[in-house]
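# Structural description and commentary
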Amino acid sequence: MQSTDLGNKESGKIWHRKPSPATRDGIIVNIIHNTSDYHPKVLRFLNVAFDGTGDCLIAGDHQGNIYVFDLYGNRFNLVQRTAQACTALAFNLRRKSEFLVALADYSIKCFDTVTKELVSWMRGHESSVFSISVHASGKYAITTSSDTAQLWDLDTFQRKRKLNIRQSVGIQKVFFLPLSNTILSCFKDNSIFAWECDTLFCKYQLPAPPESSSILYKVFAVTRDGRILAAGGKSNHLHLWCLEARQLFRIIQMPTKVRAIRHLEFLPDSFDAGSNQVLGVLSQDGIMRFINIQTCKLLFEIGSLDQGISSSVISPHGRYIASIMENGSLNVYSVQALTQEINKPPLPLVKVIEDLPKKKLSSSDLKMKVTSGRVQQPAKPRGSKIQTRILKQDLTGDFESKKNELPDGLNKKRLQILLKGYGEYPTKYRMFIWRSLLQLPENHTAFSSLIDKGTHVTFLNLQKKYPIKSRKLLRVLQRTLSALAHWSVIFSDTPYLPLLAFPFVKLFQNNQLICFEVIATLIINWCQHWFEYFPNPPINILSMIENVLAFHDKELLQHFIDHDITSQLYAWPLLETVFSEVLTREEWLKLFDNIFSNHPSFLLMTVVAYNICSRVPLLNCNLKDDFEFFFHHRNNLDINVVIRQVYHLMETTPTDIHPDSMLNVFVALTKGQYPVFNQYPKFIVDYQTQERERIRNDELDYLRERQTVEDMQAEVDQQRVEDEAWCQKQELLRKAEETRREMLLQEEEKIIQQRQRLAAVKRELQVKEMHLQDAARRRFLKLQQDQQEMELRRLDDEIGRKVYMRDREIAATARDLEMRQLELESQKRLYEKNLTENQAAVAKEMRADADAYRRKVDLEEHMFHKLIEVGETQSQKTQKWKEAEGKEFCLRSAKKASALSDASRKWFLKQEINAAVEHAENPRHKEEPRFQNEQEDASCLPRTSHLNDSSEMHPSTQISLNRRAVEWDTTEQNLIQKVRNLRQRLTAQARHRCQTPHLLAA
């Protein structure tokens, strides 16, 4: 087993030597992803998915790294880093390079593996998406979470439908059935519904499983043909449902070691026509067991208790199994290696019985009963033992040459020996043997590219020429013929191609790839030189047949010549239909067992042998229509006789006329891409193509013109019908109008009578209404008068209460004024006392200043007497006397200023008190004139500025007087401000009292 570590590489080889998986485990390669950081760790793979070819797979780990592994090209590439874990993957879209990935943020993204770019981003889920199912056409996808399933259009990446359910139910899985347009929805309550994809119409519901084996379904799988549904859950029982009959037809019990089933998937087979028989069952122990659902036998298993499997996916063609292990690595298994023991060829059918050493056996003792599949031992005589052994044949020369070695361990010579012994291959192994004989490459990618080109224009109307009852068969035939036409242009112009391909299409209708490659191999090898004379039948091939017939049966050929029957009548119908018109299905299969096992000339010899074996009825035919009927219908002819005749002709025909000398040996289709087929006259095909295109264009023009004419005729007919309908409608309208007019006249008379009655009733009502209005008016006037009286009483009460309140406020205001007057008188006495004290202090200061000055003067005089002469003494005395007079004048001025200031304050206080009393008695008096009078009075007061004359005053005395004057002014201003504030409060209270009577009067 090889192991590959992706590491930090973005691309590289998956394996470095050719893998050789062992039979016991079948592992091709083990892929792990370890980081090479400082702390290395393992990145676990979470999901894996195969593409449509089965040769490429995509895997994502829990960090969002998504890798593509090309098993055919032995390469891996890192295509995307999503930075979050992926919960589901899908790689089988219509555009082969695109894939879908569901992420942990509940979104679904579409990326391109080639450009590595984001194609689309789809949102809509509110929980983790655990399943993505893609339609067989690749156009639609279903994403499933626990609470909803959503249908997406992958062309526009828009959501088409959304399946909502009750939270109590829950969804297990919603997916498309293969090769159909049906959606299967499975819920947690074991209910299973089938829906039509386009209309979402519920087609059917499966019944509930029996109570004896009732399990909660958790995992599901469907066969490739969509007929069988396998379901399992937390039990070792498997339920198999037939979706066509819609019933449970089998319950399989797994071994006791299986307690729960985690995953189910059918193993595809190229030759089982989609009815898969092998089912893979992954259980809780991490082992995936593959069982046959018909025989209920365990075939093989993968995984072990030590290396358990977490999830697993099988490739579409059934060659590989990709499993995510519980340790996070990815294992890729080879199904061929795992099934090698199962698909071993049967034991040799021929056994040789040796003679006894002493006694000879009689002929009766050697008789054996031959049955299909083995040779019976002869009856043993009593008392003797017969020794048997399997002879090993001495295979030398070409018998073991490489040209006879076929794929899958088969040998062409051995198959030919088996075919000659039994006349045909076993039905069970026929498709397997044909695939080995023809060495089919199974080029899925090349075939898909041909299919993707769509239906060829030549076969668009195939059902008109070949009306086939089965629509599925017609569709497969149309696709196969279109693929052949896209492969080589000659096949679009070959008229007999549907006849040649139809039997193979009917045989391989469930595997279109094998069908195409079988037909292509048949054309390349057994249809050599058929197209050299195109569009005519192959004259060269028919000449070969005629030469061989002339050599072996001249009489029959002469009979054909005598009746003007050419090889185009007795040979070409058999070739272009490959005997499908003249043989039954079993005869045809037996014939092609021999054709595919021999040289390509065997087919031409078969035509000759068929004519020779039918010579008796042919010699009796004389009309051309009889010959045509004979070669286009089944005849009473033993195919075994024909085949023996073919082998006889192959051996007895001379070399110079033998077809094998003119035909090449078998050449298989190339692997990967199909070979170029150009064995035809290209200029004729091109000319026919051009002519056909011209005819088709002319036909389209004609059809368009005819369609235009038909449209015009239809418009004319429609117009005529509309005109007739309009006339009929007008007539009906006229009659209806007359009827309605009569009805209207009758209704008008009734309305007039009703109006008269209504007018009388209205007059009575008006009289009653007038009386009622008069009574109501009188009641309203009385009520209004009562309300006015009540309002007047309320106003009187309010006026009395206001007057009482005003009187109380006036009395309170008078008491407040008296108290204020007392306060002012007390303040006045306090001011007078302070003034007296201030005057005494000033006088004291002045005396102190005078004493200090006198002492200074005495000191100066004393010093001056010492310095100045006696004459100057008299001048000093004169100066001293003047200074004393100045001091005396200053004292008198100060006393006079103090007296004037006291008189001014007394007068101002008296004026303010009188004004306040007058204002309290007369509140409406304006305040501004009084202030003017006060200013005038204040201007009339005597000023003491003349006292500040400093020319006659000592400096210290002047400073003291100025300071006292400032203090008196400040005190005076404060008193004036307090009086003004009192006046303003009194004015406001008086205004408030005066407003109340005015309101009452209003």
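In case you missed it, the structure is sitting above this.
These numbers were taken from a predicted model, which means no experiment stands behind them. Starting afresh in each chain, residues are numbered from 1 along the sequence in its written order. Note on the predicted model: pLDDT of at least 70 is required for a residue's local features to be given, and 80 or more for side-chain atom pairs to be given and counted; whole-chain, interface and lining totals, by contrast, use all residues. With hydrogens and water excluded, all non-hydrogen atoms of the structure serve as input to the side-chain values.

Secondary structure assignment for the protein yields 21 helices and 34 strands. In the protein, which comprises 1002 residues, the share counted as buried stands at 41%. Any two residues whose heavy atoms approach within 4.5 Å at even a single point are treated as in contact. Contacts in the protein between residues at least 24 apart in sequence constitute 57% of all its contacts with a sequence separation of at least 6. For the protein, the exposed surface amounts to about 58500 Å²; the carbon and sulfur share of it is 52%. The way it works is that DSSP assigns letters per residue, a run of H or I at least four long becomes a helix, a run of E at least two long becomes a strand, and they are numbered from the N terminus. The rule is simple: take the accessible area with a 1.4 Å probe, protein chains only, and divide by the maximum for that residue type; under 20% is buried, over 50% is exposed, in between is partly exposed. The Shrake-Rupley method, run with a 1.4 Å probe sphere, supplies the accessible areas, and residue values consider only the shown protein chains as cover.

On to the sheet that holds strand E16 (residues 171-176), then. Taken in spatial order, the four strands line up as E16-E17-E18-E19 in an open sheet, and their pairing is antiparallel. Each of the sheet's edge strands pairs with one partner strand only, and the pair in question is E16 and strand E19 (202-205). Sheet twist, expressed as the average angle between the axes of neighbouring strands with direction ignored, equals 20°. Summarising the sheet, E16 and strand E17 (residues 182-187) pair through five bridges and their orientation is antiparallel. In the strand pairing of E17, Phe-175 is matched with Leu-184. A pair of strands is considered paired only if DSSP assigns at least 2 bridges between the two. Axis definition: a line fitted to C-alpha atoms, limited for helices to the stretch in contact. Angles are taken between N-to-C directions and run from 0 to 180 degrees.

With that settled, the discussion passes to the pattern of salt bridges. A carboxyl oxygen of Asp or Glu within 4 Å of a side-chain nitrogen of Lys or Arg is what we treat as a salt bridge. If you walk through the whole model with that rule in mind, you get 32 salt bridges. Taking the shortest distance from any N to any O, the salt bridge between Glu-424 and Arg-430 comes out at 3.1 Å. Glu-424 sits in the partly exposed class, given a relative accessible area of 31%.

All right, on to helix H9 (residues 539-552) then. With 14 residues, H9 ought to run about 20 Å at 1.5 Å a step, and its terminal C-alpha atoms sit 20 Å apart, in line with that. Taken together, the buried positions of H9 are Asn-540, Ile-541, Leu-542, Met-544, Ile-545, Val-548 and Leu-549. At its buried positions, H9 is contacted by helix H10 (554-562), helix H11 (567-570), helix H12 (572-576) and helix H14 (601-613). Helix span, as expected, comes to 1.5 Å for every residue beyond the first.

Spatially, the four strands line up as an open sheet ordered E24-E25-E26-E27, and their pairing is antiparallel. Two strands bound the open sheet, and with one partner strand each, they are strand E24 (261-267) and strand E27 (297-302). Each neighbouring strand pair of the sheet contributes to a mean axis angle of 25°, computed without reference to strand direction.

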